[in-house]
Amino acid sequence: MRTGHAYGRAVALGIALMTTALTLASPFPARAQGTPRVVEITAKRFEFNPKEITLKQKETVTLRLTTEDVTHGFFMKTLGIDAVIEPGHPTEITLTPQTTGSFTTICDHFCGEGHGNMHMKIVVE
Amino acid sequence: MSERVDRRSFLKIAGTSLGIGALYSVAPLLGADGEAGEIARTLWKKNGEKLKPFSFVQLSDTHVGFNGPPDPLGTQAFERAVEMINGLRHRPDLVLVSGDLTHDSEKPGEHADRMRRFKEISGRLKVDAVHCIPGEHDAGLDGGALFRDAFGPTFYAFDHRGVHFIGLDNVSRAKPEVGPEQIAWLKKDLARFPVSAPIVVFTHRPLFDLKPEWEWFTSDGDEVMNVLAPYQNVTVLYGHIHRHHEHTAGGARHLAARSLIWAFPDPATTDAKKPLPFDKDQPFKNLGLRIVGEPKARGAAAGRPTIDEVELTMREYSGTVGINQFLKEGAY
């Protein structure tokens, strides 16, 4: 299967009013004390687990993404998230959301019949 | 049904229904003055095609192989669309199919069978050519390999009676994107045309951010449209969203065709991306046509086709009776 993406790709898409500090690195280095809170998210056809996470505005967190089956995408344009999750290779996204709201995040790497409804919510309070 | 369905009354028909696609009628550059007319004559000399008015139809999202909720009709809407096209008084030259010809299947051999079934039904079309590009359900799992075996390249261009048609693939990379190789090909393809050339792009996903949370976008759509930006007569036809939509940006018109399997709701009215429920009393709800008339000869819109959006209600012309009446009268 052709994925068309190098592993660990991330594209910053935010604009001034919705600036999100976002970095993507994998394999991820060992963390020192005081490093961001880590939120684990698992993907499998055709759902994310958990289905909703809550972050705090201006708090830096790391999303650690893994897949239990095939390659998935993890995309939320407003937050500047555009990543690929490949089997056997956890992907990490570090972000600092600047704006509150509820952001639907989708799998944008076609993964089968139920792909169109594979999504979760990132709530920023 | 004894009433005559002439074009005027047909245009008055209103309602919602399962879509049959979009019918376009184009008289490229004929009657146009100045530079456009000169281009028409030049193209005629170059490719030997006699320029005359022609029409074409856009069909989309037939999802052959899908048979379940919300719509249990399988290929019936697709087959009725084919019958309807064949019954038109003015037969279209071309049919463009803007993706999701089939519904994906991981059962060995099943997806290939669905593509054969699509070709069997579309093979009944009495037109000069049927041009298809893939949707993600055709090509998202295998990078387009099966589609290429069945239909040929996933992106390509051709000329027809003075109009340049470009089929773009924004699904085979699994992500909603066209990709740098195809964009480079597009630049090269367009280089030989003057900026006033009439161009019809057909693709599956919208080339702009219609609703990213529903994956109604193409991540490098802006790059594609930047390549097309110098051209003055660009129409982009797409599918994927299973509903009619019109959008204008940078001088290009973007038009979505209805599906032939089920309809999605207006995303402005709901957060839930769920197909509209099937109505057994109106099984072909949302059946519709988009008719593009002859281009204006003068003014700001010179050389661009005019578009009438038509929806066919099954309230007045229900079920098979309605379709047959329309076919018999050859309304358009």
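Nothing here was measured: the structure is a model prediction, and the numbers come from that model. (Residues numbered from 1 in each chain as written. Chains lettered and ligands numbered in written order. Predicted model: local features only at pLDDT ≥ 70, side-chain atom pairs only at ≥ 80, totals over all residues.)

**Student:** Explain the overall build of chain B here, please?
**Tutor:** Secondary structure summary: chain B contains nine helices and 12 strands in total. Counting the 332 residues in chain B, one finds 47% classified as buried. (Helix = DSSP H or I, 4+ residues; strand = E, 2+ residues; numbered from the N terminus. Buried ≥ 20, exposed ≤ 12 C-beta atoms within 10 Å, placed from the backbone.)

**Student:** Please clarify how the overall build of chain A should be interpreted in this entry.
**Tutor:** Looking only at helices and strands, one finds zero helices and 10 strands in chain A. Overall, chain A shows an N-to-C arrangement of helices and strands of β-β-β-β-β-β-β-β-β-β. Sequence-distant contacts in chain A: of pairs separated by 6 or more residues, those separated by 24 or more amount to 71%. (Contact = placed C-beta atoms within 7 Å.)

**Student:** Even after reading the chapter, I still don't get the pairing of strand β2 (residues 37-44) of chain A, so can you show me in this structure?
**Tutor:** Residues in a regular strand project their side chains so that they alternate between the two faces of the sheet. Residue and element names in this part refer to chain A. The pairing of β2 with strand β5 (residues 61-67) spans seven bridges and is classified as parallel. From the neighbouring strand, I41 faces β5, where its bridge partner is L65. In the sheet, β2 pairs with strand β3 (residues 47-49) via three bridges, with the strands oriented antiparallel. Pairing of A43 across the sheet is with F48, part of β3. What sits between the antiparallel neighbours β2 and β3 is a turn of two residues. (Pairing = 2+ DSSP bridges.)

**Student:** Sorry if this is basic, but what is going on with the confidence of the model for chain B here?
**Tutor:** Note that predicted coordinates carrying low pLDDT should not be read in detail. Residue and element names in this part refer to chain B. Mean pLDDT over chain B: 78, with 70% of residues reaching 70 or higher. Low pLDDT, under 50, characterises residues 29-33; the stretch is placed with 20 contacts to residues that sit more than four places away or in other chains. Confidence over residues 287-298 falls short of pLDDT 50; this stretch has 57 contacts with residues more than four positions distant or in other chains. (pLDDT = per-residue confidence, 0-100.)

**Student:** When you look at the sheet that holds strand β5 (residues 156-160) of chain B in this model, what are you seeing that I'm missing?
**Tutor:** Remark on secondary structure: sheet strands pair via backbone hydrogen bonds, oriented parallel or antiparallel. Residue and element names in this part refer to chain B. The sheet built from six strands is open, its strands ordered β5-β6-β7-β8-β10-β9 with mixed pairing. Each having just a single partner strand, β5 and β9 (245-249) make up the two edges of the open sheet. Strand-to-strand, the axes of this sheet are offset by a mean angle of 20°, without reference to chain direction. In terms of strand pairing, strand β6 (residues 163-167) meets strand β7 (residues 198-202) through four bridges, oriented parallel. Paired with H164 across the strands is I199, a residue of β7. (Axes fitted to C-alpha atoms, helices over the stretch in contact; angles between N-to-C directions.)

**Student:** Can you walk me through the nonpolar core in this structure?
**Tutor:** One recurring pattern in soluble globular proteins: nonpolar side chains tend to sit buried together. All names here are of chain B. Counting 58 residues, the largest nonpolar core has A81, V95, V201 and L237 as the members making the most contacts within it. Sort the elements by how many residues they give to this core and helix α3 (residues 76-86) lands first, with six residues. Leaving out residues up to four positions away in the same chain, V95 has contacts with F56, V57, L59, I85, L125, V127 and V130. (Core = buried A, V, L, I, M, F, W, Y, C linked by C-beta atoms within 7 Å.)

**Student:** Could you clarify how one ought to interpret the interface of chain A and chain B in this entry?
**Tutor:** How big an interface is tends to be stated in terms of accessible area lost as the parts join. Each partner contributes to the interface: chain A provides 16 residues, whereas chain B provides 16 residues. Of the residues belonging to the side of chain A that touches chain B, the class tally is three nonpolar, nine polar and four charged. (Nonpolar A, V, L, I, M, F, W, Y, C, P; charged D, E, K, R; others polar.)

**Student:** What is the right way to look at helix α8 (residues 221-228) of chain B in this model?
**Tutor:** In an α-helix, one turn spans 3.6 residues; hence positions three or four apart end up facing the same way. Residue and element names in this part refer to chain B. Every buried residue belonging to α8 is among G221, V224 and M225, and all of these are buried. One side of α8 carries all its buried residues, which in axial view fall inside an arc of 95°. Contact partners of the buried residues in α8: α7 (180-190) and β10 (252-256). (Arc of directions from axis to C-beta.)

**Student:** How should the environment of H63 of chain B be read in this particular structure?
**Tutor:** Residue and element names in this part refer to chain B. When you line up the elements, H63 lands in the loop between β2 (54-59) and α3. Look at H63 and you get buried, because 27 C-beta atoms sit within 10 Å. Sequence separation between H63 and L228 is 165 residues, and the spatial gap between their C-alpha atoms is 30 Å. Each residue touching H63, except ones within four places of it in the same chain, is listed here: D100, T102, H103, H137 and I261.

**Student:** I tried to follow unusual backbone geometry on my own but got confused; where do I start?
**Tutor:** Comment: phi is negative for the bulk of residues other than glycine, and the bulk of peptide bonds are trans. Put simply, R45 of chain A and F46 of chain A share a cis peptide bond, and its omega is 0°. Relative to the assigned elements, F46 of chain A resides in the loop between β2 and β3. With an omega of 0°, the peptide bond between N49 of chain A and P50 of chain A qualifies as cis. Position of P50 of chain A among the secondary structure elements: in the loop between β3 and β4 (52-55). Not every positive phi belongs to a glycine, and H63 of chain B is a case in point at roughly 50°. Phi is positive for D100 of chain B, close to 50°, though the residue is something other than glycine. Checked against the element boundaries, D100 of chain B lands in the loop between β3 (94-98) and α4 (110-122). Residue class for D100 of chain B comes out buried when judged on the 28 C-beta atoms lying within 10 Å of it.

**Student:** What exactly am I supposed to notice about the packing of α7 of chain B against α8 of chain B here?
**Tutor:** How two helices sit against one another is set out by the angle between their axes and by the gap between those axes. Residue and element names in this part refer to chain B. In contact at an axis separation of 10 Å, α7 and α8 are set at 10° when each is read in the N-to-C sense. The orientation of α7 with respect to α8, classified from their angle, is roughly parallel. Touching I183, L186, K187 and L190 of α7 are E223, V224 and V227, all from α8. Of the residues that constitute the contact of α7 with α8, the class distribution is five nonpolar, no polar and two charged. (Parallel < 35°, antiparallel > 145°, perpendicular 65-115°, else oblique.)

**Student:** Looking at this structure, how should I read the environment of Y238 of chain B?
**Tutor:** Residues and elements named next belong to chain B. By the secondary structure assignment, Y238 is in strand β8 (residues 233-238). The exposure class assigned to Y238 is buried, which follows from the 30 C-beta atoms found within 10 Å. With 18 residues separating them in the primary sequence, Y238 and A256 have C-alpha atoms 4.9 Å apart. With residues near it in sequence (within four places) discarded, Y238 still touches S98, T203, H204, R205, P206, H254 and A256.

**Student:** Just checking my understanding: could you explain the pairing of β3 of chain B for this structure?
**Tutor:** Residue and element names in this part refer to chain B. Of all five residues in β3, five are buried; the element is thus mostly enclosed. The alternating pattern of β3 places L94, L96 and S98 on one face and V95 and V97 on the opposite face, and all of these are buried. Regarding topology, α3 serves as the crossover connection from β2 to the parallel β3, and that connection is right-handed. Sheet analysis places β3 next to strand β4 (residues 129-133), joined by five bridges and oriented parallel. Within β4, the position partnered with L94 by the bridge is A129. Crossover handedness for the path β3 to α4 to β4: right-handed. (Right-handed = clockwise from strand over helix to strand, strands pointing away.)

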